[in-house]
Amino acid sequence: MGNSALKAHLETAQKTGVFQLTGKGLTEFPEDLQKLTSNLRTIDLSNNKIELLPPLIGKFSLLKSLALNSNKLTALPEELCKLKKLETLHLNGNHLRQLPAAFGQLSALKTLSLSGNQLRTVPTQLCGLRHLDVVDLSKNQIQNVPDSVGELQAIELNLNQNQISQISVQISHCPRLKVLRLEENCLELSMLPQSILSDSQISLLAVEGNLFEIKKLRELEGYDKYMERFTATKKKFA
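This text gives an overview of the structure that appears in the document. Just so you know, the residues in each chain are numbered from 1, in the order the chain's sequence is written. Since the coordinates come from a predicted model, pLDDT governs what is reported: local features require at least 70, and pairs of side-chain atoms require 80 or more to be given and counted, while whole-chain, interface and lining totals use all residues. Calculation of side-chain values draws on the structure's entire complement of heavy atoms; hydrogens and water are dropped beforehand.

Looking at the overall build of the protein chain
For clarity, the cut-off: Going along the chain from the N terminus, every DSSP run of H or I of four or more residues is numbered as a helix, and every run of E of two or more is numbered as a strand. To sort residues, take the accessible area from a 1.4 Å probe on protein chains only and compare it with the maximum for the residue type: under 20% means buried, over 50% means exposed, and anything in between is partly exposed. Here, residues are in contact when the closest pair of their heavy atoms is within 4.5 Å. Computed by Shrake-Rupley with a 1.4 Å probe, the accessible areas treat only the displayed protein chains as cover when residues are assessed. When charges are counted, Lys and Arg contribute as positive and Asp and Glu as negative, whereas His and the chain ends are disregarded. Charge coordinates come from a single atom per side chain, which is NZ of Lys, CZ of Arg, CG of Asp or CD of Glu.
The secondary structure content of the protein chain amounts to four helices and eleven strands. For the protein chain, the C-alpha atoms occupy an extent of roughly 65 × 35 × 30 Å along the three principal directions. For the protein chain, the residues scored as buried account for 47% of the 238 residues in total. Counted over contacts in the protein chain with a minimum sequence separation of 6, partners at least 24 positions apart contribute 34%. Summed over all atoms, the accessible surface of the protein chain reaches about 11,800 Å², with 47% contributed by carbon and sulfur. Separation between the mean location of the 28 positive side-chain charges and that of the 24 negative ones in the protein chain comes to 6 Å.

What follows is the structure, encoded as structure tokens:
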């Protein structure tokens with residue numbers, strides 16, 4: 001892509017606060033963006049070939065939304081965690097194995113999409129994020145859900161298409177969790193904590209495509225309590 005095209009995008013971004021440059025084969029984060037660190041509220045560089053997010057990302061102090069879906073990122077810089085206004089972070093379809101240690105400092109974060117990466121566990125850093133509503137960790141390599149998940153504040157947690165065979169009973173203590181998606185994993189029915197049914201806030205539990213028949217789930221103690229929550233929620237949105 002020529003310099004004049006990039007220049008036009010930069011000029012538009014200066015006026016609108018939005019920089020969108022998707023599917024252009026970019027191999028690196030456009031350095032010229034640093035001229036707009038105090039302007040930009042949205043950056044979308046999805047469907048490129050970016051391998052590294054430079055430390056200067058931490059200077060975009062007004063940034064509310066960052067999308068880098070379908071790139072080649074293998075790691076994220078600690079500087080990303082300085083974005084105190086960031087509400088939406090989309091990083092689907094990269095090669096991420098872990099999150100920066102300070103990720104819990106993204107205090108405004110509401111929506112996090114990390115589908116199609118190489119995560120092996122539910123990152124404990126997510127538990128410090130008080131405003132988190134939706135977390136998508138589908139299509140990773142997660143094998144178990146650890147005790148720390150009990151502190152997660154999310155309303156919806158998507159763990160579809162992982163390799164999960166164990167879930168901590170603490171998941172039923174998540175204070176706001178209403179939607180739990182566990183489709184196409186490696187769960188035996190005996191490994192699904194019954195407290196999810198009998199003693200949690202969860203009103204939509206999606207578990208199709210595991211190592212048990214759904215009708216067996218319906219025979220478990222607590223299923224009727226779960227169905228009460230499910231029905232009440234359904235009525236609310238009807």
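Describing the packing of aromatic side chains
Each pair of aromatic rings is reported with the distance of its centres and the angle of its planes. Threshold: Each pair of aromatic rings taken from Phe, Tyr and Trp, with Trp reduced to its six-membered ring, is defined by centres within 6.5 Å and is described as stacked if the planes are under 30 degrees apart, edge-to-face if over 60, and tilted in the remaining cases.
On inspection of all chains with the given rule, the structure shows three aromatic pairs. Seen from their ring centres, tyrosine 223 and tyrosine 226 are 5.7 Å apart, and the 55° between their planes marks the pair as tilted. Of the two residues, tyrosine 223 and tyrosine 226 both sit in helix H4 (residues 223–237), three residues apart, roughly one turn of that helix. Like tyrosine 223, the residue tyrosine 226 is buried in the burial classification. Centroid distance tyrosine 226 to phenylalanine 230: 6.1 Å. Interplanar angle 40°. Geometry classified as tilted.

Let's talk about the sheet that holds strand S10 (residues 179–181)
Condition: Strands are treated as partners if at least two bridges between them are detected by DSSP. Whenever a helix is involved, its axis is fitted only over the stretch in contact; in every case the axis is a line through C-alpha atoms, and angles between N-to-C directions fall within 0 to 180 degrees.
Overall, parallel pairing links the nine strands, which are arranged S1-S2-S3-S4-S5-S6-S8-S10-S11 in an open sheet. Two strands in the sheet have a free side with no partner beyond their single neighbour: strand S1 (18–20) and strand S11 (204–206). In this sheet, neighbouring strand axes are inclined to one another by 5° on average, regardless of whether the strands run parallel or antiparallel.

Some words on helix H1 (residues 3–16)
Rules: Under the convention used throughout, the expected extent of a helix is 1.5 Å for every residue step, that is, one less than its residue count. Within this analysis, the arc is defined by the directions that extend from the helix axis to the C-beta atoms.
The end-to-end C-alpha distance of H1, which contains 14 residues, comes to 20 Å, matching closely the 20 Å that a straight helix rising 1.5 Å per residue would cover. Buried residues of H1: Leu6, Leu10 and Ala13, and no others. Along the long axis of H1, the arc covered by the buried residues comes to 65°, so they all point the same way. Residues of H1 that are exposed and point more than 90 degrees away from the buried face comprise Ser4, Lys7 and Lys15. Within two residues after H1, glycine 17 carries a phi angle of roughly 80°, on the positive side.

Considerations on H4
Between its first and last C-alpha, H4 extends 21 Å over 15 residues, near the 21 Å set by a 1.5 Å rise per residue. Among the residues making up H4, those that are buried are Tyr223, Tyr226 and Arg229. Projected down its long axis, H4 carries its buried residues within an arc of 125°, all on one side. The exposed set on the far side of H4, more than 90 degrees from its buried face, consists of Asp224, Glu228 and Lys235. Residues of H4 that are buried in the fold lie against helix H2 (195–198), S11 and helix H3 (214–217).

Things to note about unusual backbone geometry
Positioned with a positive phi, serine 70 is a non-glycine residue whose angle comes to about 55°. Here serine 70 shows up in the loop between strand S3 (65–67) and strand S4 (88–90). Serine 70 sits in the partly exposed class, given a relative accessible area of 33%. Located in the positive-phi region is glutamine 161, a residue other than glycine, with phi close to 55°. Its location among the elements puts glutamine 161 in the loop between strand S8 (156–158) and strand S9 (166–167).

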